[in-house]
Amino acid sequence: MYHASLAYTAAISNPSVQAVGVNVTVDDIPGTYPFDGVLAQKGYALNKMCYSFNDAANRAEFLRDEDAYCAKFGLNAEQREAIRNRDVLALLAAGGNVYYLAKFTGIFKLGVQDIGAQQTGMSLDAFKAKLKAAAS
Amino acid sequence: MAKLVGGICTSHIPAIGNAIARGLEDDPYWQPFFAGYPPVREWLERVQPDVAVIVYNDHGLNFFLDNLPTFAIGAAPEYQNADEGWGCPRSRPTRAIRRFPST
């Protein structure tokens, strides 16, 4: 517990290290941020909004007025920008959890494989081919 | 005393539901995956289990982070798949999972 606090303090006070969560920096696992307690707190509003997209009526309301919908859930500037840009990596760093982000990307007919492709910096077809090759 | 006749497992990524909804089971990308299902159906047909205990991931449908049990046991007489956030079509009523009314 003490070491985790030290690492977190060191991480967030070092301007060249972008801390995402406790003991986790952007470069540790490229494209992946373990969803720990710190990230859960950070991303609460964002995940709450994405959870609302389980409902088709809410998805439609979001598309009618994105700014108003995001404001309703109290997204911070980082989260609002990531949503605006449909940027999966930025959404993850802003505390988004993939189970809820999948409901946001579903609005744009993007699936979890599209998320994976963004995380690995590949096209969807290249990502699917990589999965297939790994299974052989 | 109950007799365990077997266990079945499958990957449950949302892409699978999407593939089923769009009829892509015979698509070259999906065919090797869905080829695993018919033998399981044949086994179920042969074995005719009395009870199936289904364990699955909520996928952020019923529980949000503010109210998230490690596991929960469903007690409703019937269940149906959910929208999942991308308009997954609801299964026909005959395919809904039914719970036996008595213990």
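Residues numbered from 1 in each chain as written. Chains lettered and ligands numbered in written order. Predicted model: local features only at pLDDT ≥ 70, side-chain atom pairs only at ≥ 80, totals over all residues. Heavy atoms only, no water.

1. Concerning the side chain of A:Thr105
Residue and element names in this part refer to chain A. Residue placement: Thr-105 occurs in helix H8 (residues 98-105). With a relative accessible area of 6%, Thr-105 lands in the buried category. Once residues within four sequence positions are removed from consideration, Thr-105 is found in contact with Leu-110, Gly-111 and Ile-115. (Helix = DSSP H or I, 4+ residues; strand = E, 2+ residues; numbered from the N terminus. Buried < 20%, exposed > 50% of the residue type's maximum accessible area, 1.4 Å probe, protein only. Contact = heavy atoms within 4.5 Å.)

2. What to know about the interface of chain A and chain B
How big an interface is tends to be reported as the loss of accessible area on association of its parts. Each partner contributes to the interface: chain A provides 19 residues, whereas chain B provides 18 residues. Roughly 1600 Å² is buried in total at the junction of chain A and chain B, and carbon and sulfur atoms are behind 55% of that figure. The largest share of the area that chain A buries against chain B comes from A:Tyr51, A:Tyr99 and A:Tyr100, three residues that together contribute 28% of it. At the junction of chain A with chain B, the criterion picks out 2 salt bridges. Taking the shortest distance from any N to any O, the salt bridge between A:Lys48 and B:Asp66 comes out at 3.5 Å. (Buried area = accessible area lost by both parts, 1.4 Å probe. Salt bridge = Lys/Arg side-chain N within 4 Å of Asp/Glu carboxyl O.)

3. Focus on the nonpolar core
Note that soluble globular proteins tend to have their nonpolar side chains buried in a common cluster. Within the largest apolar cluster, 25 residues are counted, with the highest numbers of intra-cluster contacts made by A:Met49, A:Phe53, A:Phe62, A:Ile83 and A:Phe104. At the level of elements, helix H3 (44-51), helix H5 (66-73), helix H6 (77-84), helix H7 (88-93) and H8 of chain A are the ones that each hand at least two residues to this core. Looking at which element gives the most residues to this core, the answer is H3(A), with 5 residues. If sequence neighbours within four positions are ignored, A:Phe104 has contacts with A:Cys50, A:Phe53, A:Phe62, A:Ile83, A:Arg86 and A:Leu91. Counting residues in hydrophobic clusters, the runner-up holds 6 residues, among them B:Ala15, B:Ile16, B:Ala19 and B:Trp30. (Core = buried A, V, L, I, M, F, W, Y, C linked by side-chain atoms within 4.5 Å.)

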